[in-house]
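# Breakdown of the fold
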Amino acid sequence: MLLAVSIAWTAWMLSKSLPYWPVDPSLAVTPWFNFQLDFLRAACAILPATLLWGASFPLPLASLVAPGLDPAGVAGDAYGSNTAGAIIGAIAFSLVIVPTIGSMHAERLLIALSSVAALIVIGWPGVEMLAVGLGITVALIWSVAEIPWQVTAYGRSVAPMIRTDAEEAKQYPPKVLLYRAEGINSSVAITEQWGRRVIYVNGNAEASNGADDIRLERMAAHIPALLHADPHDVLIVGFGAGITAGSFTVYPHVKRIVIAELETRVPPASTQFFHDENYGVFNDPRTTMVYDDGRHYILTSHDTFDIITSDPVHLWVRGTSALYSKEYFELVRSHLNSGGVMAQWLPLYDGDAETVKSVLATFFEVFPDGTVWSNHMGNRGYDLVLIGRSDATPINIDRIQAKLDSADYAPVLVSLHAVGFNSAVEVLGTYLGRASDLKPLLADAQINMDRNLRLQYLAGLELNGVDPERSYQALRAYRSFPKDLFTGSDHYIKELVDSLRRPE
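Right, let's walk through the structure included here. (Residues numbered from 1 in each chain as written. Predicted model: local features only at pLDDT ≥ 70, side-chain atom pairs only at ≥ 80, totals over all residues. Heavy atoms only, no water.)

Helix and strand counts for the protein chain stand at 20 helices and 14 strands. Expressed as lengths along the three principal axes of its C-alpha atoms, the size of the protein chain is roughly 95 × 55 × 45 Å. Looking at the 504 residues of the protein chain, the share that counts as buried comes to 49%. The long-range share in the protein chain, meaning contacts at least 24 apart out of those at least 6 apart in sequence, stands at 72%. Just so you have it, the protein chain exposes about 23,000 Å², and 62% of that area is on carbon and sulfur atoms. (Helix = DSSP H or I, 4+ residues; strand = E, 2+ residues; numbered from the N terminus. Buried < 20%, exposed > 50% of the residue type's maximum accessible area, 1.4 Å probe, protein only. Contact = heavy atoms within 4.5 Å. Areas by Shrake-Rupley, 256 points an atom, 1.4 Å probe, with all protein chains shown as cover.)

A few words now on the nonpolar core. Among the nonpolar cores identified, the biggest contains 103 residues, and I199, L360, W373, I397, L404, L428 and F486 are the most heavily contacted of them. If one sorts the elements of this core by residue count, helix α8 (residues 211-227) sits on top with 8 residues. (Core = buried A, V, L, I, M, F, W, Y, C linked by side-chain atoms within 4.5 Å.)

The next point concerns empty space enclosed by the protein. Enumeration over the complete set of coordinates arrives at 2 cavities of 30 Å³ or more. In this structure, the largest cavity occupies an estimated 140 Å³ of space. Surrounding the largest cavity, 19 residues form its lining, E206, A207, F239, G240 and D311 being those nearest its centre. Per-element tally for the lining of the second largest cavity: the top contributor is strand β11 (residues 380-389), with 3 residues. Considering only residue class, the lining of the second largest cavity consists of 4 nonpolar, 3 polar and 2 charged. (1 Å grid on protein atoms, 1.4 Å probe; cavity = no way out; pocket = protein on both sides within 12 Å on 5 of 7 lines; lining within 4 Å. Points joined across faces, edges and corners; volume = space filled by probe spheres on them. Nonpolar A, V, L, I, M, F, W, Y, C, P; charged D, E, K, R; others polar.)

Bringing the pattern of salt bridges into the picture now. Any two side chains of opposite charge can pair, so long as their charged atoms come close to each other. Considering all chains together, one arrives at 16 salt bridges under this definition. For D165, the salt bridge is made with K175, and the minimal N-O distance between the two is 3.4 Å. Linking D165 in helix α7 (residues 158-169) with K175 in the loop between α7 and β1 (176-182), this pair joins segments that are 10 residues apart in sequence. For the salt bridge of D444 with K357, the shortest nitrogen-to-oxygen distance reads 3.2 Å. Taken together, the positions of D444 in the loop between β13 (431-434) and α18 (454-461) and K357 in helix α14 (residues 353-366) put the pair 87 residues apart, joining distant regions of the chain. (Salt bridge = Lys/Arg side-chain N within 4 Å of Asp/Glu carboxyl O.)

Strand β9 (residues 336-347) sits mainly inside the fold: 9 of its 12 residues count as buried. Crossover connection from strand β8 (residues 305-310) via helix α13 (residues 326-334) to parallel β9: handedness right-handed. (Right-handed = clockwise from strand over helix to strand, strands pointing away.)

And the structure:
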């Protein structure tokens, strides 16, 4: 019965207390503060239930004891049953119950199961005690409330973001929750305010239809598609809002679009709320959805592609560094066709200069002729798109412009217009640098490999010490016009040179 109470306590902490603690984790200058906060949150939420579950073990053990029985056999039976129950419970709740009925009802179910277990141990008491037990159980179940959607959306920053939303609501329309779901692998939320829609996955903003984000999401598709001579087969790692994947649907010769996405709830939700931005790629007849970890899919697939775009979650998120390792980039390169192109997203606002340098150096280890393209805002960096090609042929501006001028590419030009690009020169004007020019900057960078996963620790240590301005300016200082990289008519070359020299 105490376990039933403790589960109700956990539910109350998750829904009514922890999200509203007046603590801002982004103010921490070292990971030590965040560790203390996480430890305290976890202890407040689940320590009572943890201790009571451990303390309950002697009860079944005592119930099995009888004169003449082997103590070792009794203990073995109890431990075996306990282990089997833990495995079955973990699988059932993780894969079936929570995705099906949600956390709130799963907590209510746990309270009911604990109460039933109590009645069984007690031996089905009299009517009075049974009525009291049932009354307490119903009250505890009734007390369980839904976890605020802000927890799903904002994650570790839930408290300051709730306060920010409350302040904004005094002057502007409040943020509206459009969608919320708990899947097998991820929790998903989609919100809207002033027409700006954002999809959150596991407490991280994954994508949006804001001007800055949608420009980056389009660049991650259009740049590799325009650099490739004639793409037919495309792989996208990560669905997000589907905008990057959808940008490939406007290319006339693309015949197959494979999307590897871990969470099954994301593509249908994004299709519903970002349909105009992603051109309905989820329902496009050329699209094949693969619900799998992107790296695992590439590792186990024999398919090769003309373009592979990798757009994982933020650098500091656990496990993400495996999608930025040297071995991962080598795996991707081995699945590129001749003349193939890889595009890799790299946020500047998600790590300090050393973190950014580590990603660049690791990428250039596999793609020594790799290039960097910037989704800048004014004179400030925002995101980067890293491009790696299986060959080092020059980029012909005339060829790209001729494509954009053709009738077949009219939908491509419309898609580019929507994010501020009106010509091949304007697209190529986002060029920021290349591996050979950035060697001095990256001389001391740490290579992220499977055996060390250095990026996981670099990004985590500087989680709150990000400085996108410094990272962007450090890269921009090395930018110059690479005569051997771009070819074309003199007037196009002059326009591109002027574009790269012009202050943003």
